[in-house]
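# Working through the structure, step by step
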Amino acid sequence: MIIMSVVGARPQFVKCAALTEELRRSYDQIIVHTGQHYDYNLSEVFFEELHIPKPDYNLGVGSGTNGYQIGQMLMSIENVLIKEKPELVLVYGDTNTTVAGALAASKLHIQLGHVEAGLRYLDRSMPEEINRILTDHCSDLLFCPTKTSVNNLHKESVSQGVYLTGDVMVDILLRQKKIAEKSNVLEALGLKSKQYLVVTVHRAGNTDNRENLKSIVDALCQIDQTMVFPIHPRTEGALKRYGFYRRLKETNKIKIIKPLSYLDFLKLMNHAQKILTDSGGIQKEAYVLKVPCITLLETTGWDEIVEDGWNVLVGANKAKIVKMTQEFEPRGKQREDFGKGEACKNIKNVIDSVLK
Ligand code: UD1
């Protein structure tokens, strides 16, 4: 029996690494890489480090508008599906790759499983929000990381095939945390544990909006702490386009570096004093690592972290970013909403019961 995973962007490689390992013993697997992320730092390094089998297909779609990316992927994935005839297609998260894989499989009436189903930011201006909704509504198996995500689906009348499994990113984080400690990333960057902030920005709402990006840059320049900023190519491009790059680069306390591998980044997060990010995955990883998170978005899919007092939403508001970076301290005891590292097992059990 063949299970096909469709991946294409950095966080999907991580999620897929966790699950393909669990499924390996029982199923033949095919990995399709759409090519949405193609830089070595955003793609290949994850396959190497997390021992993910090389993709059976690389569709080489690359960059472009949302319509271009999804359209090209849809056509190419359909061809692979027709050729390989898998019993089940798995898609991950909320990227353009996710929705393309979902549409291709469901139009061919192939069973579709969505890993990380039910997340909602309640902000339809995010391309990812449309991807989440469409993917969930055409999935047969919806693997939800949290109770909130199950409830979100119920509110949209999606109740068949919904499973609370826990979070696959937590599985891999717990497995790799010790190994990541061997990384020498702190020494290489001249950092001391708990004496720096980690910054990441890549959401279209922040990078493609000059005002928002300016406000974030202004805030970073005002914060008087050592910061490490592994920069996404989208963000580097936008900073250069708007003329902000040099100002940021010349600010001595901000270390702008290339995107890091999974293990280096895990160690960097684990030893950070705080994390400033607009990434969904990093908000959750920060929580599991017990690092306070300041989220550069107005809404989040991980409300439980905010309710627990470990995450604060500041959007792209300069004053709030500066204030919260100085003052925010977690107040709540952590609830274990993301599972204890058994999500992949739970997902496999569901797949076993459906396919056998
Ligand atoms: C995508 C996902 C986002 C996810 C993120 C993880 C969508 C709509 N967005 O955002 O949900 O959190 O990946 O990183 O699917 N680029 C490169 N090299 C690469 C890849 C991209 O230079 O390897 C540049 C290109 O200029 C491209 C831009 O980054 O146009 C944006 O890439 P894209 O894949 O559209 O979205 P991300 O911002 O990476």
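Going by the structure above, here's the rest.
The sections below set out a description of the structure shown in this document. Note that the structure is predicted; figures quoted are calculated from it, not measured. (Residues numbered from 1 in each chain as written. Predicted model: local features only at pLDDT ≥ 70, side-chain atom pairs only at ≥ 80, totals over all residues. Heavy atoms only, no water.)

## Examining the packing of aromatic side chains
Just so we agree on the cut-off: Aromatic rings from Phe, Tyr and Trp, with only the six-membered ring used for Trp, were paired whenever their centres fell within 6.5 Å, and each pair was classed as stacked if the ring planes differed by under 30 degrees, edge-to-face if by over 60, and tilted otherwise. Helix numbers and strand numbers start at the N terminus; a helix is a DSSP run of H or I with at least 4 residues, a strand a run of E with at least 2. Here's how the labels work: a residue is buried when its accessible area is under 20% of the maximum for its type, exposed when over 50%, partly exposed in between, all with a 1.4 Å probe on protein chains only. Only when the NZ of Lys or the CZ of Arg is both within 6 Å of the ring centre and within 35 degrees of the ring normal is a charge said to sit over the ring.
Following the criterion strictly, the structure yields six aromatic pairs and no others. Aromatic side chains F13 and F46 sit 6.4 Å apart centroid to centroid with 45° between the ring planes, which places their arrangement in the tilted category. Here the residue F13 occupies a position in helix α1 (residues 10-23), and F46 occupies one in helix α2 (residues 44-49), the gap between them amounting to 33 residues. For F46, a relative accessible area of 4% translates into the label buried. Each ring, one from W302 and one from F338, has its centre 5.3 Å from the other, and the planes form 75°; the classification is edge-to-face. Taken as a pair, W302 in the loop between β12 (293-295) and α15 (303-307) and F338 in the loop between α16 (318-327) and α17 (343-355) lie far apart in primary sequence, 36 residues in all. A single burial state applies to W302 and to F338, both of which are buried. Taken together, the ring pairs in this structure connect F13, F46 and F47 into an aromatic cluster. In this structure, K240 packs its charged tip against the face of Y245, placed 4.7 Å from the ring centre.

## Points about the site of the ligand
Basically, it comes down to this: By convention in this text, a residue qualifies as near a molecule or strand provided that one of its non-hydrogen atoms is within 4 Å of it. A 3.5 Å cut-off defines polar contacts: any pair of N or O atoms within that distance qualifies, except that in protein one atom must be a possible hydrogen donor and the other a possible acceptor, and neighbouring residues in sequence count only when both atoms are side-chain atoms. Put simply, Ala, Val, Leu, Ile, Met, Phe, Trp, Tyr, Cys and Pro go in the nonpolar bin, Asp, Glu, Lys and Arg in the charged bin, and everything else, Gly too, in the polar bin.
Lining the immediate environment of the ligand, one finds 19 residues, of which H37, Y38, D39, N96 and R234 sit closest. Within the backbone of D39, one N or O atom sits 2.8 Å away from an oxygen atom of the ligand. Within the side chain of E128, an N or O atom sits 2.9 Å from an oxygen atom of the ligand. Within the residue set of the shell around the ligand, elements represented by two or more residues are α1 and α11 (233-241). A per-class count over the shell around the ligand returns five nonpolar, eight polar and six charged.

## What about the layout of surface pockets?
Spelled out, the test is: Each cavity reported here is a set of points on a 1 Å grid over the protein atoms alone in which a 1.4 Å probe fits but cannot get out, each pocket an open set with protein on both sides within 12 Å along at least five of seven lines, and each lining residue one with an atom within 4 Å of a point. Grid points are joined across faces, edges and corners, and a volume is the space filled by probe spheres set on the points.
By volume, the second largest pocket amounts to about 270 Å³. Along its surface, the second largest pocket is lined by 17 residues, and D123, S125, M126, G205 and L297 are the ones closest to its centre. Sort the elements by how many residues they give to the lining of the second largest pocket and helix α9 (residues 204-207) lands first, with three residues. When the residues that make up the lining of the second largest pocket are grouped by side-chain class, the tally is seven nonpolar, six polar and four charged.

## Remarks on helix α5 (residues 127-137)
Where we set the bar: Note on definitions: a residue-residue contact is assigned when non-hydrogen atoms from the two residues lie within 4.5 Å.
Along α5, the residues classified as buried are E128, E129, N131, R132, I133, T135 and D136. On its buried side, α5 packs onto α3 (66-84), β4 (88-92), α4 (96-107), β5 (111-115), β6 (141-144) and α6 (147-155).

## Observations concerning empty space enclosed by the protein
Enumeration according to the criterion identifies one cavity of 30 Å³ or more in this entry. When its volume is computed, the largest cavity comes out at roughly 40 Å³. Around the largest cavity sit V115, E116, F143, P145, T165, G166, D167, V168 and I347, which together line it.

## Focus: the sheet that holds β6
Rules: We treat two strands as partners when DSSP finds at least two bridges between them. Lines are fitted to the C-alpha atoms to define the axes, a helix being fitted only along its stretch in contact, and any angle between axes, read from their N-to-C directions, falls within 0 to 180 degrees.
Spatially, β3-β2-β1-β4-β5-β6-β7 is the arrangement adopted by the seven strands of the open sheet, whose pairing is parallel. Lying at the two open borders of the sheet, with one neighbouring strand each, are β3 (57-58) and β7 (162-164). Pairing of strand β1 (residues 2-7) with strand β2 (residues 28-33) involves six bridges; the strand directions are parallel. Across the sheet, residue V7 finds its bridge partner in β2, namely H33. Lying on the sheet, α3 is in contact with β1, β2, β3 and β4; it crosses β1 at an angle near 170°.

## Quick word on the environment of K333
Counting through the fold element by element, K333 comes out in the loop between α16 and α17. Classification of K333 as exposed rests on a relative accessible area of 76%. With 23 residues separating them in the primary sequence, K333 and W310 have C-alpha atoms 8.9 Å apart.

## A word on the pairing of β5
Let me state the cut-off plainly: Clockwise travel from the first strand over the helix to the second, with the strands pointing away from the viewer, marks a crossover as right-handed.
Most of β5 is tucked away: four of the five residues are buried. Where β4 meets β5, five bridges bridge the pair, whose relative direction is parallel. Bridge pairing in β5 places V91 opposite H114. Bridging between β5 and β6 involves three bridges; their strand directions are parallel. Bridging from a neighbouring strand, V115 pairs with F143 of β6. Assessed by its sense of winding, the connection that carries the chain from β5 through α5 to β6 is right-handed.

## What to know about the side chain of T251
Tracing the backbone shows T251 in the loop between α12 (245-249) and β10 (254-257). When its relative accessible area of 14% is taken as the criterion, T251 is described as buried. Separated by 2.7 Å, the side chain of T251 and the backbone oxygen of R247 make a polar contact.

## Some details on the nonpolar core
Nonpolar side chains tend to gather and get buried jointly when the protein is soluble and globular. Note the following rule: Throughout this description, the term nonpolar core refers to a set of buried Ala, Val, Leu, Ile, Met, Phe, Trp, Tyr and Cys residues connected via side-chain atoms within 4.5 Å.
Ranked by size, the top nonpolar core spans 55 residues in total, and within it L90, Y262, L268 and I351 carry the most contacts. Once you skip the residues sitting within four places of it in the chain, L268 turns out to touch V185, L186, L189, L191, Y196, V198, V228, P230 and L260. One finds I223, F229, L239 and V322 within the second-largest nonpolar core, a separate group that totals 29 residues.

## Some words on the pairing of β2
Tracing the backbone out of β1, into α1 and back to the parallel element β2 gives a crossover that is right-handed. Taken together, the two bridges between β2 and β3 define a ladder with parallel strand orientation. Looking at β3, one finds that V32 is bridged to Y57. Each parallel crossover has a hand, and the one from β2 via α2 to β3 is right-handed.

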